[in-house]
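# Secondary and tertiary structure notes
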Amino acid sequence: MKIFLRYFLLPAVTLLVGISIGLVIRDIPKFSMDYNIKITDVFSIILTFGIGVFIPLLVKKLIDDKRTKNAHLFEELSGFSKMTVNIHDYMQDVYNNKKILVKDKDYINIQMDLLGKEFNEFHAFMMENCPKQATDYLNELKTCYIEYWQISTSIEVIGSSIKKIDDKTFKAICEKYTEMNKRIRRIKTEIIKH
Amino acid sequence: MEIKDTIIIAKEFGDTAGARDYDDGDYSGKEFYDKFLLPRFNKAVEGKYALLIDIDGFWGWPSSFVSGSFGLLSKEKGAKIVLDHLEFKCDSNPMKIEKAKYIISNPEKK
């Protein structure tokens with residue numbers, strides 16, 4: 001029964017309905033068909049079709065490009081953030097242990113040096129690719145980073161007579177670290193906004 | 001200003017930075033200041049030329065070393081004259097130049 005409905009009755013009904021609609025349209029004077037097509041009409045149809053296809057594709061490409069660019073910027077920010085977190089965690093451990101050894105001082109010194117190299121590349125990349133609105137925050141981040149380096153490699157941390165990081169110095173280190181993270185979040189906000 | 005003298009720190013002084021003062025061990029900022037930076041800087045000022053500080057190949061750049069050398073020079077002579085007569089070169093890590101200039105401009109800060 002299903003086969004009969006699907007393969008015989010449904011096509012027959014469709015055919016009859018189609019013929020009926022055709023007859024009705026043909027007999028209504030409002031619907032007159034001009035079978036002569038101008039060459040300009042052909043171009044017009046092709047152009048309309050082209051625009052119809054091209055515009056959504058272009059919009060999609062622009063959205064995808066922006067999404068990819070933002071993903072790259074976030075990746076750069078996360079990479080730098082991760083390095084600062086690692087160094088800061090190390091300093092926190094040293095502070096909690098209430099003891100700083102020569103190897104700790106060397107490690108901090110080396111890591112801060114490497115972070116400086118990383119920051120240089122990161123900052124140049126971000127300045128080139130970030131929205132203009134984030135430029136001020138990037139410059140603030142540079143100052144915050146230099147201040148973080150300044151306190152983290154100061155005589156209060158790596159001086160030869162220093163046996164532990166004192167509370168005052170560690171508080172200052174944490175403040176600079178927080179300032180850096182604050183700027184990173186602001187840069188992220190600007191990237192999302194634009 | 002024309003550069004007529006260059007201190008290649010890694011070659012003339014040592015390849016690793018120490019801390020600030022002599023009591024902090026070898027290669028301190030103060031040692032660099034006394035033996036290299038101050039005399040050569042004074043000559044540069046007298047001769048009205050710039051002194052190039054080449055930092056490439058110098059391992060580490062702790063703020064205690066920088067403040068013990070460039071920060072001290074800035075305190076003694078003034079930030080403007082120091083920045084006028086010093087040029088820096090560090091292709092491997094240009095942030096070191098920014099850091100040195102920051103310390104010279106803010107010598108009182110730690």
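Notes on the structure in this doc start here. The shown structure was predicted, so the numbers you read here are calculated from the model rather than taken from an experiment.

Attention now moves to the overall build of chain B. Per the secondary structure count, chain B includes five helices and three strands. In chain B, the succession of α and β elements from N to C terminus is β-α-α-β-α-α-β-α. For chain B, the spread of C-alpha atoms along the three principal axes comes to 35 × 25 × 25 Å. Taken as two groups, the 17 positive and 19 negative side-chain charges of chain B have centres that lie 3 Å from each other.

How big an interface is tends to be reported as the loss of accessible area on association of its parts. At the junction of the two partners, chain B supplies 24 residues and chain A supplies 23 residues. Summed over both partners, the interface of chain B with chain A buries about 2,100 Å², with 56% contributed by carbon and sulfur atoms. Among the ionic pairs, B:Lys96 bridges to A:Asp113, the shortest N-O distance being 3.7 Å. Secondary-structure elements contributing two or more residues to the side of chain B that touches chain A are helix H3 (63-77) and helix H5 (95-105) of chain B.

Let's shift gears to the nonpolar core. Judged by nonpolar contacts, the single largest core of 68 residues is most densely connected at A:Tyr145, B:Ile53, B:Trp61, B:Phe70 and B:Leu86. The leading source of residues in this core is helix H4 (residues 135-152) of chain A, at eight residues. Not counting residues up to four positions away in its chain, the partners in contact with B:Ile53 are B:Ile7, B:Ile9, B:Leu37, B:Phe70, B:Leu86, B:Glu87, B:Phe88 and B:Lys89.

Moving on to the sheet that holds strand S1 (residues 3-8) of chain B. All names here are of chain B. Read across the open sheet, the three strands follow the order S1-S2-S3; overall the sheet is parallel. Of all the strands in the sheet, just S1 and strand S3 (86-89) have a single pairing partner and so form its edges. Neighbour-to-neighbour, the strand axes of the sheet open up by a mean angle of 25°, direction not taken into account. Relative to strand S2 (residues 50-54), S1 runs parallel, the two sharing five bridges. In the strand pairing of S2, Ile 8 is matched with Asp 54.

What follows concerns H3(B). Residue and element names in this part refer to chain B. The sharpest bend along H3 measures roughly 30° and falls at Gly 71. In terms of burial, H3 is largely enclosed, as twelve of its 15 residues are buried. One or two positions beyond H3, positive phi appears at Gly 78, with a value near 105°.

Overall, the coordinates contain 20 salt bridges over all chains when judged by the stated rule. Linking A:Lys142 and B:Glu98 is a salt bridge whose minimum nitrogen-to-oxygen distance equals 3.1 Å. Here A:Lys142, found in helix H4, pairs with B:Glu98, found in helix H5, and the two come from separate chains. Using a relative accessible area of 33% as the deciding quantity, one classes B:Glu98 as partly exposed. It is possible to trace a salt-bridge network through shared partners that takes in A:Glu140, A:Glu179, A:Lys182 and A:Arg183.

Next up on the list: the environment of A:Leu101. Residues and elements named next belong to chain A. Turning to its location among the elements, Leu 101 is positioned in the loop between helix H2 (39-96) and helix H3 (102-129). We classify Leu 101 as partly exposed; its relative accessible area is 37%. Sequence separation of Leu 101 and Lys 164 is 63 residues, and the distance between their C-alpha atoms is 8.2 Å.

About the thresholds
Residues numbered from 1 in each chain as written. Chains lettered and ligands numbered in written order. Predicted model: local features only at pLDDT ≥ 70, side-chain atom pairs only at ≥ 80, totals over all residues. Heavy atoms only, no water. Helix = DSSP H or I, 4+ residues; strand = E, 2+ residues; numbered from the N terminus. Lys, Arg positive; Asp, Glu negative; His and termini not counted. Charge placed at Lys NZ, Arg CZ, Asp CG, Glu CD. Contact = heavy atoms within 4.5 Å. Buried area = accessible area lost by both parts, 1.4 Å probe. Salt bridge = Lys/Arg side-chain N within 4 Å of Asp/Glu carboxyl O. Core = buried A, V, L, I, M, F, W, Y, C linked by side-chain atoms within 4.5 Å. Buried < 20%, exposed > 50% of the residue type's maximum accessible area, 1.4 Å probe, protein only. Pairing = 2+ DSSP bridges. Axes fitted to C-alpha atoms, helices over the stretch in contact; angles between N-to-C directions. Bend = angle between axes of the 7 residues up to and from the residue.

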